[in-house]
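Here are the chains, one letter per residue:
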Amino acid sequence: MKWYRFPGLIGSLFLMISSFAQSSAGPAGLRCEHLFNPLGIDNPRPRFSWILNDPEHHAAQKTYQLAVTDEKGKSVWNSGMVSSANSLVTYNGPALEPFTRYHWSVTLTGNNGRSYPAATAFFETGIMQQQHWKGGWISDGNDVRLKPAPYFRKSFLLKKTVQSARIYIAAAGLYELSLNALPVGDHRLDPMYTRFDRRNLYVTYDISKQLQPGENIIGVLLGNGWYNHQSTAVWYFDKAPWRNRPAFCLDLRITYTDGSTETIATDRSWKTALSPVIFNSIYTGEHYDAQREVPGWNKAGFNDSKWAAAIDRAAPAPLITAQVLHPVRDVVTINPVALKKFSDKNYVFNLGRNISGVSEIHVSGAAGTVIRLVHAERVHPSGHADLSNIDVHYRPTDDSDPFQTDIFILKGNGMETFKPRFNYKGFQYVEVISNKPVQLSKSSLQGYFMHSDLPQAGTIEAGDPLINKIWQATNNSYLSNLFGYPTDCPQREKNGWTGDAVIALETGLYNFDGITVYEKWLADHRDEQQPNGVLPAIIPTSGWGYQWANGPDWTSTIAIIPWTLYQFYGDAKPLADNFENIKRYVDHIADLYPTGLTTWGLGDWVPVKSKSPVELTSSLYYYKDVKILAQTAALFNRKEEADRYEALAEKIKNAINDKYLNPTTGIYGSGLQTELSTPVYWGVVPDALKAKVVANLAKKVREDGVQLDVGILGAKAVLNVLSENGYADLAYQLVTRKTYPSWGWWIENGATTLYENWKVDAQRDASLNHIMFGDIGAWFYKALGGIFPDPEQPGFRNILLKPNFVRGLNTFKASYNGPLGEIRSSWERKGNRLRYTCRIPANSTASFYIPTSCQLQKRDRMPVAQNKDGSYTLPSGTYTFLLNVK
């Protein structure tokens with residue numbers, strides 16, 4: 001450990017460089033298609049990525065060599081030694097074979113020719129091309145309105161020794177898969193929701209160890225999901241053009257030790273019967289009659305002679321592709337914190353926190369006892385479940401399908417357990433209503449927090465518990481609204497609202513490794529886009545949202561998401577995949593609004609009191625989309641398009657400023673918080689006026705009583721603009737305000753998730769688990785931790801460190817596991833002395849901007865380079881600065 005003293009800083013500035021043992025140094029975190037050792041990928045040119053694990057100061061990759069071999073160790077592709085710091089490389093070898101495991105390794109050299117030990121990983125290809133499917137699509141042939149879910153079973157014999165076996169299964173609807181009565185995998189709600197008549201997903205499972213000699217039984221239970229939506233609501237999913245009785249296609253491909261292969265596939269030899277799941281709706285609930293259970297239905301020896309033969313069905317879509325993303329799982333089990341008993345027939349469980357997911361009940365009672373489990377976010381003063389804030393869009397045709405309510409009918413043979421298979425809800429409370437007496441205790445029910453199971457990428461820890469609670473509530477809401485696509489809420493809608501997703505995008509990427517989900521959702525965008533470029537407001541959709549609620553302030557997802565993924569991951573593939581879609585979208589707006597200003601959009605949704613002009617906010621998003629398109633065209637060396645769209649962006653920028661900016665006063669529009677913050681955030685303010693506009697924003701916030709007066713668009717802009725332009729203390733006051741309206745206000749009122757409305761007692765827009773005010777989760781990393789990707793070196797190749805040491809907060813820690821490794825930024829204040837520590841991962845650098853509150857004087861020497869903008873370039877390593885601050 002070495003300390004270097006630098007003269008000339010107010011107080012003292014020290015630089016500490018920490019060295020660690022190098023025994024584990026080398027490539028690590030090997031991923032293919034951004035997943036560890038994935039099974040069943042379809043991409044013919046998969047992406048490989050890794051990090052250099054080396055804590056040495058200045059550690060950097062100088063060369064890489066990537067090698068791919070087949071199962072027998074034969075070389076398939078070798079990049080050769082490449083002089084490059086790139087750690088994201090696309091396969092460039094011969095065509096990959098389907099159903100094949102490939103091993104890959106990466107060898108690196110670092111500074112001074114240092115060689116690191118090679119690291120290895122594997123990936124498996126899946127079906128690859130449609131013609132490789134052996135099975136056909138099958139269903140039970142029943143009417144689309146029939147409520148009970150169907151069972152399917154297939155018996156087959158193993159006569160040879162198995163080397164490996166994989167199941168590939170696609171479904172229109174949802175499925176629960178078993179082999180010899182044991183569950184296959186730990187996923188929930190597979191496959192992920194898509195536009196079913198255009199693209200279906202299949203999932204791959206390794207079941208090598210579940211097969212047994214002799215007879216084996218594959219069991220499939222099919223649920224409706226979004227495919228056969230039998231509940232009625234304002235979104236018209238019951239009228240979806242793809243709607244039909246659920247169906248599936250399955251190939252079980254077995255490789256024997258003698259080298260031969262066999263495929264057990266879906267056909268008319270499969271048998272089917274109705275199950276005890278007498279109704280299931282992804283939107284409302286699941287009904288289960290245990291009296292209809294069929295013991296042994298998915299075990300060997302079961303007599304299925306009375307079961308019907310499966311019916312052949314046409315494939316629901318022309319494209320069946322691999323599901324290559326982190327799956328939905330039961331991630332956290334939650335025990336109730338309280339139980340209120342009203343009678344032997346009525347109980348209310350309180351989980352103590354709001355979640356997305358399901359409950360599981362353990363109960364005994366007389367045969368035929370009907371138990372209703374009502375899931376609610378809040379309770380009436382009486383203590384009973386209150387659904388009035390989340391059932392407003394439900395339009396039931398009768399009382400047979402109650403909202404957020406499971407129904408369990410007991411068979412009456414001791415302790416029984418029910419947990420829904422094809423549903424999730426948003427709730428904190430579960431009210432149990434039985435038609436006959438039952439005895440329940442706190443241990444009779446558990447909740448399961450379900451969501452896409454993304455690896456955590458970032459953490460924060462602040463000296464103020466309120467900050468930690470807001471961060472946790474934000475993450476809870478983000479995850480509660482991630483089920484293979486980002487949603488707005490897990491109860492009232494479950495819709496993929498584009499505007500909500502743009503707002504929360506950076507929050508998701510700082511906190512979680514979410515690229516696989518977003519790439520999947522961008523494919524949904526491509527499926528839903530009209531030939532003229534128009535996108536719906538919710539994606540996927542049955543058709544709702546093309547005529548209302550869309551427009552650039554919402555559907556900018558098609559441009560902003562791939563661009564932001566590029567900034568965070570350094571991966572240009574999402575931009576390449578969506579380039580033509582962004583063009584069609586932008587060109588359509590240009591055709592409709594030739595002046596450069598557009599009135600198409602919802603505007604600043606759910607404002608506190610003041611509503612800014614839709615034309616201003618939508619035109620700003622339009623400008624950003626065009627700017628992204630121009631930058632993407634330049635990235636791909638498409639000069640003519642880059643020039644054309646850069647000119648269009650300038651036209652839009654000028655049109656906005658000509659109409660809304662008073663260059664004398666530095667006021668946009670009437671000077672509302674959203675009007676002043678969003679032009680700065682989206683980059684249309686002339687450089688000479690930027691400081692004046694931000695000063696006006698700060699003045700307006702103070703005039704408003706240091707409280708927010710914004711909707712969701714302004715909420716994203718106002719904090720970032722203040723904190724990035726010299727007013728971080730003011731932004732921090734807005735965040736930590738404990739009275740209406742603020743995130744702190746929600747926490748003071750017991751929130752464990754973010755709300756849809758600043759008013760905790762709102763009469764409408766009253767969901768208690770929404771993500772549309774969720775950019776606050778990213779703000780912690782940026783404003784307080786100061787961690788930004790460098791647009792000039794995306795993927796955190798260079799890190800911009802711009803922390804703000806705000807008054808009222810004495811300690812703060814942020815860490816982010818980026819594509820090159822862990823970045824840390826933390827500080828601790830004692831009086832006017834402050835210690836700032838940062839860690840820069842190997843193979844990257846940082847530009848550190850010392851806040852103006854820490855004035856630097858001239859110095860004789862410093863072992864890090866100072867740049868023209870006053871920042872300091874830090875090579876990889878760990879640094880500690882001791883500062884005196886004003």
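Residues numbered from 1 in each chain as written. Predicted model: local features only at pLDDT ≥ 70, side-chain atom pairs only at ≥ 80, totals over all residues. Heavy atoms only, no water.

**What to know about the overall build of the chain**
Helix and strand content of the chain: 14 helices and 47 strands. Relative to the 2.2 N^0.38 estimate, which gives 29 Å for 886 residues, the radius of gyration of the chain is 29 Å and therefore close to what a compact globule would have. Seen through its principal axes, the chain has C-alpha atoms that stretch 90 × 70 × 55 Å. For the chain, the proportion of its 886 residues judged to be buried stands at 62%. The contacts of the chain with a sequence gap of at least 6 include a subset with a gap of at least 24, amounting to 74%. Of the roughly 32,100 Å² of accessible surface on the chain, 49% is carried by carbon and sulfur atoms. (Helix = DSSP H or I, 4+ residues; strand = E, 2+ residues; numbered from the N terminus. Rg over C-alpha atoms; globule rule 2.2 N^0.38 Å. Buried < 20%, exposed > 50% of the residue type's maximum accessible area, 1.4 Å probe, protein only. Contact = heavy atoms within 4.5 Å. Areas by Shrake-Rupley, 256 points an atom, 1.4 Å probe, with all protein chains shown as cover.)

**So, the nonpolar core**
If you look at the biggest cluster of nonpolar residues, it comprises 216 residues, and the most contacted ones within it are Ile 361, Phe 408, Trp 743, Trp 779 and Phe 780. Of all the elements, helix α7 (residues 614–635) adds the most residues to this core, at 10 residues. Leave out the neighbours within four places in its chain, and Phe 780 touches Ile 460, Ile 467, Ile 470, Trp 471, Val 735, Gly 785 and Phe 812. Core analysis: the next-biggest nonpolar cluster, separate from the first, contains 27 residues, Ile 138, Phe 152, Ile 169 and Ile 218 among them. (Core = buried A, V, L, I, M, F, W, Y, C linked by side-chain atoms within 4.5 Å.)

**Points about the environment of Tyr 816**
Assignment of secondary structure puts Tyr 816 in strand β41 (residues 811–818). Judged by its relative accessible area of 3%, Tyr 816 is buried. Those residues in contact with Tyr 816, other than ones at most four positions away along the chain, are Ala 457, Gly 458, Leu 509, Tyr 510, Phe 568, Phe 796, Gly 821, Glu 822 and Ile 823.

**Describing the sheet that holds strand β8 (residues 88–90)**
Strands sit in the order β3-β4-β8 across an open sheet of 3 strands; the sheet is antiparallel. Each having just a single partner strand, β3 (26–32) and β8 make up the two edges of the open sheet. Here the average twist between neighbouring strands, direction ignored, is 25°. (Pairing = 2+ DSSP bridges. Axes fitted to C-alpha atoms, helices over the stretch in contact; angles between N-to-C directions.)

**Examining the packing of aromatic side chains**
Taken as a whole and judged by the stated rule, the model has 56 aromatic pairs. With 5.7 Å between their ring centres and 55° between their planes, Trp 50 and Tyr 64 make a pair best called tilted. Placement of the pair is Trp 50 in strand β4 (residues 47–53) and Tyr 64 in strand β5 (residues 63–69), with a sequence separation of 14 residues. Comparing Trp 50 with Tyr 64, the two get one shared label, buried. On the numbers, 5.2 Å between centres and 20° between planes, the contact of Phe 408 with Phe 418 is stacked. You can see Phe 408 sitting in strand β32 (residues 405–409) and its partner Phe 418 sitting in strand β33 (residues 416–418), a full 10 residues away along the chain. One aromatic cluster is present, built from ring pairs that chain together Tyr 193, Phe 196, Trp 226, Tyr 227, Phe 237, Trp 242 and Tyr 485. For the cation-ring pair, Arg 101 lies above Phe 122, with the distance from its terminal atom to the ring centre recorded as 3.7 Å. (Phe/Tyr/Trp six-rings, centres within 6.5 Å; stacked < 30°, edge-to-face > 60°. Lys NZ or Arg CZ within 6 Å of the ring centre and 35° of its normal.)

**Concerning helix α6 (residues 573–592)**
For α6, built from 20 residues, the straight-helix expectation of 28 Å at 1.5 Å per residue is met to within 8% by its first-to-last C-alpha distance of 29 Å. Within α6, burial applies to Pro 574, Leu 575, Asn 578, Phe 579, Asn 581, Ile 582, Lys 583, Tyr 585, Val 586, His 588 and Ile 589. For α6, the elements touching its buried residues are β4, α3 (515–528), α4 (552–555), α5 (557–569), α7 and α8 (639–660). (Expected span 1.5 Å × (residues − 1).)

**Let's talk about α5**
For α5, which comprises 13 residues, the first-to-last C-alpha distance of 17 Å matches the rise-based estimate of 18 Å (1.5 Å per residue) to within 8%. Among the 13 residues that make up α5, 13 are buried, leaving the element largely enclosed by the rest of the structure. Two residues or fewer after α5 comes Gly 570, characterised by a positive phi angle close to 70°.

**Brief notes about the pattern of salt bridges**
Overall, the coordinates contain 47 salt bridges when judged by the stated rule. For the salt bridge of Glu 822 with Arg 824, the shortest nitrogen-to-oxygen distance reads 3.0 Å. Using a relative accessible area of 40% as the deciding quantity, one classes Arg 824 as partly exposed. Here the residues in one salt-bridge network are Glu 33, Arg 47, Glu 519 and Asp 571, joined through shared partners. (Salt bridge = Lys/Arg side-chain N within 4 Å of Asp/Glu carboxyl O.)

**Observations concerning the environment of Val 184**
Its location among the elements puts Val 184 in the loop between β15 (182–183) and β16 (200–206). In this structure the C-alpha to C-alpha distance between Val 184 and Gln 131, which are 53 residues apart in sequence, comes to 25 Å. In contact with Val 184, not counting residues within four places along its chain, are Leu 177, Ser 178, Leu 179, Tyr 205, Ile 207 and Gln 210.

**A closer look at the pairing of strand β13 (residues 162–172)**
For β13, the buried fraction is high: 9 of the 11 residues fall into the buried class. The pairing of β13 with strand β18 (residues 247–256) spans 10 bridges and is classified as antiparallel. The residue of β18 that forms the bridge with Ala 172 is Ala 247. Relative to β16, β13 runs antiparallel, the two sharing 5 bridges. Of the residues in β16, the one forming a bridge with Tyr 168 is Thr 204.

**Describing the sheet that holds strand β39 (residues 787–789)**
Strand order in the open sheet formed by 5 strands is β39-β40-β44-β46-β45, and the pairing between neighbours is mixed. Both outer strands of the open sheet, β39 and β45 (865–866), are each paired with one neighbouring strand and no more. Summarising the sheet, β39 and strand β40 (residues 798–801) pair through 3 bridges and their orientation is antiparallel. Across the sheet, Phe 788 pairs through a bridge with Leu 800, a residue of β40.

**So, the pairing of strand β44 (residues 845–848)**
Pairing between β40 and β44: 4 bridges, direction parallel. Following the sheet pairing, Ile 799 is matched in β44 by Ala 846.

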